[in-house]
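# Residue-level structure breakdown
If you want the building blocks of each chain, they are given just below.
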Amino acid sequence: MIEMLGVLAIVGILSVGGIAGYSKVMEKWKQDKWIQQVEELIFNIKDTYKLEKQYGKRSEDILPTLKEIGIVPQGLLDDDNRDLFGNRVSVTMKPYDIYTRLNLQFEILPNSIAEYNCRELFHLLPVYTDIIWTIVLCSGTCSSWYYRICGNARPANYAVDECVREDYNLSEVSEACKICKDDYCLIQILFDNNV
């Protein structure tokens, strides 16, 4: 009987460890899928509009149109335009000087995955530096930008007026993104049309 209890205890311990391991693997899969879908969305938008000078009406959320024509990757967003982690996503265009900026925006709610979401969005800058103007982060009431890094695609006068940092510093990004664990964060990825 004692041996049987010992075996059951070992099986119980292994089961708990297996479930925890499975949960971590599934969470990592979800995170990888999310960033892959975000990258696919950026590529699809730039590819679809590569010859266009305008994306739509000023300050209008063009995400419904993008979904309708199949630019948004399958499974990235639900009917309420929330991604796998519950972040609300919008895509707008805004004029800036002679340019039209395309704003891909993530409203990130404070939770255990928010810091990861923030870091991964900033990780897009080195990969897409030739199409991204800037990636910006604000938190709380978003009365002012908390952190901003600029890419190579930004106009020269935009860098002077708007840029806080121009280099990508992983530890600095990680430190800035910690704020998202405990507070609402808004992250915008800005890239321009083909002017």
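As the structure is a computational prediction, the values presented were derived from the model and not from experiment.

### A closer look at the sheet that holds strand 2 (residues 99–108)
Strand pairing in a sheet is mediated by backbone hydrogen bonds. Such pairs are either parallel or antiparallel. Pairing within the open sheet is antiparallel, and its 5 strands lie in the order 1-2-5-3-4. Unpaired on one side and paired on the other, strand 1 (88–96) and strand 4 (147–150) mark the two borders of the sheet. Within this sheet the neighbouring strands show an average axis-to-axis angle of 15°, counted without direction. Judged from the 8 bridges that link them, strand 2 and strand 5 (residues 185–192) form a sheet pairing that is antiparallel. Looking at strand 5, one finds that leucine 104 is bridged to isoleucine 189.

### Notes on the state of the cysteines
Tallied over the full model, the rule gives 3 disulfides. Two residues share a disulfide in this structure: cysteine 138 and cysteine 142, whose sulfurs sit 2.0 Å from each other. Across the disulfide from cysteine 138 to cysteine 142, rotation about the S-S bond amounts to roughly 85°, and the bridge is consequently right-handed. By relative accessible area, cysteine 138 is classed as buried at 1%. In this model, cysteine 180 is linked to cysteine 185 through a disulfide, with the two sulfur atoms separated by 2.2 Å. When the S-S torsion is -105°, as for the bridge of cysteine 180 with cysteine 185, the disulfide is left-handed. Accessibility classification places cysteine 180 together with cysteine 185 in one group, the buried group.

### Observations concerning helix 3 (residues 114–122)
Judged by how many residues are buried, helix 3 sits mostly within the fold: 8 of 9 residues are covered. Every buried residue of helix 3 is accounted for by Ala114, Glu115, Tyr116, Asn117, Cys118, Glu120, Leu121 and Phe122.

### Some thoughts on the pairing of strand 5
Burial analysis of strand 5 places 8 of its 8 residues in the buried class, the great majority of the element. With burial as the criterion, each face of strand 5 is covered, one bearing Cys185, Ile187, Ile189 and Phe191 and the other bearing Leu186, Gln188, Leu190 and Asp192. In this sheet, strand 5 lies alongside strand 3 (residues 132–139) in antiparallel orientation, the contact comprising 7 bridges. Its bridge partner lying in strand 5, cysteine 138 is registered against leucine 186.

### Some words on the packing of aromatic side chains
Evaluated as defined, the whole model comprises 4 aromatic pairs. Aromatic pair tryptophan 34 and phenylalanine 85: ring centres 5.8 Å apart, planes at 75°, arrangement edge-to-face. On the criterion of sequence distance, the pair formed by tryptophan 34 in helix 1 (residues 2–48) and phenylalanine 85 in the loop between helix 2 (63–68) and strand 1 is long-range, its members being 51 residues apart. For tryptophan 34, a relative accessible area of 0% corresponds to the buried category. Centroid distance tryptophan 34 to phenylalanine 106: 6.1 Å. Interplanar angle 75°. Geometry classified as edge-to-face. In this pair, tryptophan 34 is assigned in helix 1 and phenylalanine 106 in strand 2, connecting sequence segments 72 residues apart.

### Structural notes on the packing of helix 3 against helix 6 (residues 170–177)
Their axes nearest at 9 Å, the elements helix 3 and helix 6 cross at an angle of 145°. In the crossing of helix 3 with helix 6, the sense of the turn from one axis to the other is right-handed. Facing helix 3, whose interface residues are Glu115, Cys118, Arg119 and Phe122, helix 6 presents Val173, Ser174 and Cys177. Per-class residue counts for the contact of helix 3 with helix 6 are 4 nonpolar, 1 polar and 2 charged.

### Notes on the pairing of strand 2
Counted residue by residue, strand 2 has 8 buried out of 10 residues, so it is predominantly covered. Across 9 bridges, the pairing between strand 1 and strand 2 is antiparallel. Within strand 2, the residue paired with valine 91 across the bridge is leucine 104. Linking strand 1 to strand 2, which pair antiparallel, is a turn of 2 residues; within it aspartate 97 sits at a positive phi near 55°.

Rules of the game
- Residues numbered from 1 in each chain as written.
- Predicted model: local features only at pLDDT ≥ 70, side-chain atom pairs only at ≥ 80, totals over all residues.
- Heavy atoms only, no water.
- Pairing = 2+ DSSP bridges.
- Helix = DSSP H or I, 4+ residues; strand = E, 2+ residues; numbered from the N terminus.
- Axes fitted to C-alpha atoms, helices over the stretch in contact; angles between N-to-C directions.
- Disulfide = S-S within 2.5 Å.
- Buried < 20%, exposed > 50% of the residue type's maximum accessible area, 1.4 Å probe, protein only.
- Phe/Tyr/Trp six-rings, centres within 6.5 Å; stacked < 30°, edge-to-face > 60°.
- Left-handed = near helix turned anticlockwise from the far one by under 90°.
- Contact = heavy atoms within 4.5 Å.
- Nonpolar A, V, L, I, M, F, W, Y, C, P; charged D, E, K, R; others polar.

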